[in-house]
Amino acid sequence: MTRRKLVAGNWKMHGSLAQLAELDAIAAAARANPQVDVAICPPFTLIAAAAARGDLTIGAQDSHQNEKGAHTGCVSAPMLREAGAKLVIVGHSERRTDQRESDAEVYAKARAVIAAGMIAIVCVGETEGERDAGRAAEVVERQLQGSIPADGTATQLVVAYEPVWAIGTGRTPTVGDVAAMHASIRTKLGDMLDAEAEGVRILYGGSVKPSNAAELMAVNNVDGALVGGASLTAADFVPIIEAAARA
Ligand SMILES: O=C[C@H](O)COP(=O)(O)O
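Residues numbered from 1 in each chain as written. Predicted model: local features only at pLDDT ≥ 70, side-chain atom pairs only at ≥ 80, totals over all residues. Heavy atoms only, no water.

Looking at an unreviewed UniProt entry, one finds the protein chain named Triosephosphate isomerase and attributed to Sphingomonas tabacisoli. A UniProt comment under Subunit (unreviewed entry) is attached to the protein chain, and it reads "Homodimer." What UniProt states about the protein chain under its Subcellular location (unreviewed entry) heading is, verbatim, "Cytoplasm". (UniProt positions renumbered as here; feature names shortened; annotations may be inferred.)

Trainee: Tell me about the packing of helix α1 (residues 22-32) against helix α10 (residues 234-246), and please be specific about residues and values.
Mentor: Between α1 and α10, whose axes approach to 9 Å, the crossing angle comes to 15 degrees. Taken together, α1 and α10 sit at an angle that is classed as roughly parallel. Considering how the two elements wind past one another, α1 and α10 form a crossing that is right-handed. Contact residues: Glu22, Ala25, Ile26 and Ala29 in α1; Ala234, Phe237, Val238 and Ile241 in α10. Of the residues that constitute the contact of α1 with α10, the class distribution is seven nonpolar, no polar and one charged. (Axes fitted to C-alpha atoms, helices over the stretch in contact; angles between N-to-C directions. Helix = DSSP H or I, 4+ residues; strand = E, 2+ residues; numbered from the N terminus. Parallel < 35°, antiparallel > 145°, perpendicular 65-115°, else oblique. Left-handed = near helix turned anticlockwise from the far one by under 90°. Contact = heavy atoms within 4.5 Å. Nonpolar A, V, L, I, M, F, W, Y, C, P; charged D, E, K, R; others polar.)

Trainee: I'd like to hear about the UniProt feature "active site" (unreviewed entry) in the protein chain, residue by residue, with values.
Mentor: Residues given the UniProt feature "active site" (unreviewed entry) here are His92 and Glu162. Across 71 residues in sequence, these annotated residues keep their C-alpha atoms within 8.4 Å of one another, forming a single compact spot. Assessed through its relative accessible area of 4%, His92 is described here as buried. Every residue in contact with His92, bar those within four places of it in the chain, is listed here: Asn10, Lys12, Cys123, Glu162 and Ile167. For Glu162, the location among the structural elements is in the loop between β6 (157-161) and α8 (175-193). In this structure, Glu162 is in contact with His92, Val124, Gly125, Glu126, Ile167, Gly205, Gly206 and Leu226, ignoring residues within four places of it in sequence. Reaching out from Glu162, the side chain makes a polar contact with the side chain of His92 at a distance of 3.0 Å. (Buried < 20%, exposed > 50% of the residue type's maximum accessible area, 1.4 Å probe, protein only. Polar contact = N/O pair within 3.5 Å; in protein donor to acceptor, adjacent residues only side chain to side chain.)

Trainee: Break down the pattern of salt bridges for me, citing the residues and quoting the values.
Mentor: Applying the stated rule across the entire model yields 19 salt bridges. Between Asp55 and Arg31 there is a salt bridge; the shortest N-O distance is 3.1 Å. With Asp55 in the loop between α2 (44-53) and β3 (57-60) and Arg31 in helix α1, this pair connects stretches of sequence that are 24 residues apart. Under the relative-accessibility criterion, Asp55 is labelled exposed at 51%. When salt bridges with common partners are traced through the structure, they connect Arg3, Arg186, Glu198 and Asp223 into a single cluster. (Salt bridge = Lys/Arg side-chain N within 4 Å of Asp/Glu carboxyl O.)

Here it is as C-alpha cells:
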C-alpha cells in the first residue's frame, strides 16, 4: 500500500509570534511538494495565529482527554480544533517523563483527539537503557498496546517511533534498526487494528536533519518524520520536506 508521507515539526517550548515568519517558506515548500503532507505543531499560544497565517497544516503538542471541566492549565481537543489545529501529538516521551503520562492517559488523549475530528500522532519509543538491555521492541509493543485506540481509523491515527536516546542528541539508530522497529510496529498494529493497520503512517523521530533525512525516509515502513530542532527554521525543515518528497 502507498501511504502519503507526513513531515511534522514539533516546536516544543520554542517559538514566538515573530518566528511564525518561518512558516511562509515552509508553506511554500509544502505547496511545491504536494505528494507530502506537512505540518507544524507550535506551542498552544501560537496555534491560532499560525493557522490564520495561511494554508499550512497546524497541530498541537498535547491535549487533555476531557472535552471540558475543572482542569486548570489544560486545553481540550475541541478547543484545539477551534483554534485551527488539525492534528495533535500525544504521548511524546518528554510528556511521558516530565508529566509522568501513562499509556492509559495517552490512550484517552488519542481517543479525545480522534473524537474531535483531528489526527492523533501517538508517540512511542524506548530509553537507552531499555535498548541496551535488548528490550526495545518489547517496550514499544507494550506502549502501542496501551496507547493506541483500536477503534481509530487509519486516516486519523499516526504512530511516531522516537527512541528517547535519539531525541535532541544528534544520534540516530542505524537504518537497519529503524527498519526492524518499524516492521515490528506494523506487525503489532496489524494485530490490533486488522486491515486498518496498513494505512496507518509510522513516522520516525529523533535527530532528523537535512543530512540524514533522505536515508531515513527511504527505509521501508518509514512514512515520514516527526522533527524537533530542525523544524524551527525553514532553512533546516524545507530540505527534510524535499527529502520525503523524493523518497
Ligand atoms: O518530536 C520531535 C522529537 O522529539 C525529535 O526531536 P529532535 O528532532 O530535536 O531530536
